[in-house]
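Commentary on secondary and tertiary structure
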Amino acid sequence: MKLRFLTAAVSAAALLAAAGCGGGSDDAGSSGPIDLRMTIWSANAKHTALFDQIAAAYKKDHPEIGKITFEPIPFDSYTTALTTQIGGGNAPDLAWILESTAPDFVSSGALEPIDKDPDLLPSATATWEQDGKLFAYPFSTSPLGVFVNTDLVTAAGRPTPAAQIAAGTWTWEQAVATGAAVQAKTGKGGIVVGDFDFKGWDTLNSIWAGWGARPWSEDGKSCGFDQQPMIDAMTFIHKMVFTDQAMPGPGRTTDFFAGDASMVLTQISRAALLEKAKFKWDLVPLPKGPAGEYSVVGQAGIGVLKRGKHADEAKKFLAYFTNQENTAKLAQFFPPPRKSQLTSEILAKANPLLKPAQLQSVVINGIERGDIKTSHTGYAELQQSVRAALDPLWKPDADVKAVLSGVCSKINPLLSK
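First, a word on what this report is: a plain description of the structure on this page. (Residues numbered from 1 in each chain as written. Predicted model: local features only at pLDDT ≥ 70, side-chain atom pairs only at ≥ 80, totals over all residues. Heavy atoms only, no water.)

Topic: the pairing of strand β6 (residues 137-149)
Side-chain direction in a regular strand flips from residue to residue, so the side chains alternate between the two faces of the sheet. Most of β6 sits inside the fold, with 13 of its 13 residues counted as buried. Direction of pairing for β6 relative to strand β10 (residues 296-304): antiparallel, over a ladder of five bridges. Bridging from a neighbouring strand, T141 pairs with Q299 of β10. Across five bridges, β6 lies against strand β8 (residues 261-267) in antiparallel orientation. When the bridges of β8 are listed, V148 appears paired with M263. As defined by bridge partners, β6 adjoins strand β9 (residues 281-284) across four bridges and the pair is classed as antiparallel. By the bridge assignment, V146 is partnered in β9 with V284. (Buried < 20%, exposed > 50% of the residue type's maximum accessible area, 1.4 Å probe, protein only. Helix = DSSP H or I, 4+ residues; strand = E, 2+ residues; numbered from the N terminus. Pairing = 2+ DSSP bridges.)

The structure is reproduced here in C-alpha cells:
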C-alpha cells in the first residue's frame, strides 16, 4: 500500500498524542437519535452496499440509532484527513486504521479499548494490543498473492506459475524469467507490484521479505536498509526493472486487470476486478526467495475514537459489525481474523471467483505463516524520508549500496527518537 500522508506542518503523532488527552463521548447526555460516522478508504460500491446492509440490520434492533454513515476518504490522503479531523475536534466515531500507523494510534491513547473475542487469531491482534488490551478490531488480514494472466504467460512460451509450483521451481528467478519473456515476446508488462509506482516503497516488502530483509530492526531502533539482505533484495529489484525488463519501469502505467501485464502482486480483494476478465487467470502464492517460502500480510483495523461523540454506542456497533455472522459476509472482501472462519469452504462461499485451493494456499496458509507489513511510530515522517532517499535508486545506473546507505543516514535520527 502506498502512503503519502502528512506534510511537515501536520504531524500525525502530535495530533494523536493530543487526541489521547481526553474523551469526547456524550452518549449519556444526548437526546434524540444517535448518529454514528465511520471513516473508510474504500469507495467501492459493493463494499459500501454491504456496510449499509449491516448497518440497516443493526438499526432495526437499536431504535436509539439514527444514521450510520460510512465516509470514504481517498487512500493517498486518508491518514492526513483522519488525523486532521481528530485534531480539529471533528473526530469520527469509528475509523479504519492502516497497520503501518497502528503504533501511533495505539500508543497515543487516541483509541478506546474494545472487547477481545477469543476466536481471534493472536497473530492478527498483536499489532493492535498494548498492556493486554485490544484497541482495534483487525477487520482485514489479507496476505499478498500473485494474480497471473496465464494467457500471456503461455503466449510467451513459459510454464505457468501453477506448473512451476507443482514442479517445485516457483522462485523469484523463475518469476523474473517469465516477466521478461512476456515483455520481450508480447510487448505487455511483466511483474507489477500493486500500488508501488516507484513511490510506495513499502509495498516492495512483498519482494524483499523473500530475502529476509527488513527496513529496520524488530525493535525499530536501527536501520536495515544498509544490511546485506536488503542490499541483495534491492539489487535484485533494480536488475528486474532496468536489466531484465521484467517489471515496468518508472513512468509506465500498466494495468494487470485490463490484461496489460503477466502478473501483479496484490491482495485477494482485487479479485472482484477480474469478474469480467477477457483472459484466463490464476492466483498463486508469492515465489520462493533466497530465505525460503514466505508470506506478507496487509492488515487494517477498526478503532473507536476517544474523541468521537458517541464512543459507547460506537463500541456496541463495532461488536455487531464484526460478529461471526457479519465477518462471514465481509470475508468476500476482507479475510477474517477468526480461527473458526479460516477454512477454504467458508472463504469460498464468500469469494466465488476464487477456488478453494487458491484460498488455502494464498490466504489461509499465508495468514498462518505471514508477517504483518511494516509499521513504526512516526511512520508518516519515516515513509516520506525513505521515499525521498530512495528516489535516486530508480535510475539505470544507480549505485544500489550507496543509495541504501543514504537511506539509513536519513532515517537513523528518526528511528532513535
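Next comes the rest of the write-up.
Regarding the pattern of salt bridges
In the structure shown here, the tally under the stated rule is twelve salt bridges. Across the pair E71 and R37 runs a salt bridge, and its minimum N-O distance is 2.8 Å. In this pair, E71 sits in strand β2 (residues 65-72) while R37 sits in strand β1 (residues 34-40), placing the two residues 34 residues apart along the sequence. The exposure class of R37 is buried, given its relative accessible area of 17%. Among the salt bridges present, the one from R270 reaches D195, with a minimum N-O distance of 3.0 Å. (Salt bridge = Lys/Arg side-chain N within 4 Å of Asp/Glu carboxyl O.)

Some remarks on the side chain of S108
Assignment of secondary structure puts S108 in helix α4 (residues 102-108). Here F105 takes part through its backbone oxygen, which lies 3.1 Å from a polar atom of the side chain of S108. A polar side-chain atom of S108 sits 3.2 Å from the main-chain amide nitrogen of A110. (Polar contact = N/O pair within 3.5 Å; in protein donor to acceptor, adjacent residues only side chain to side chain.)

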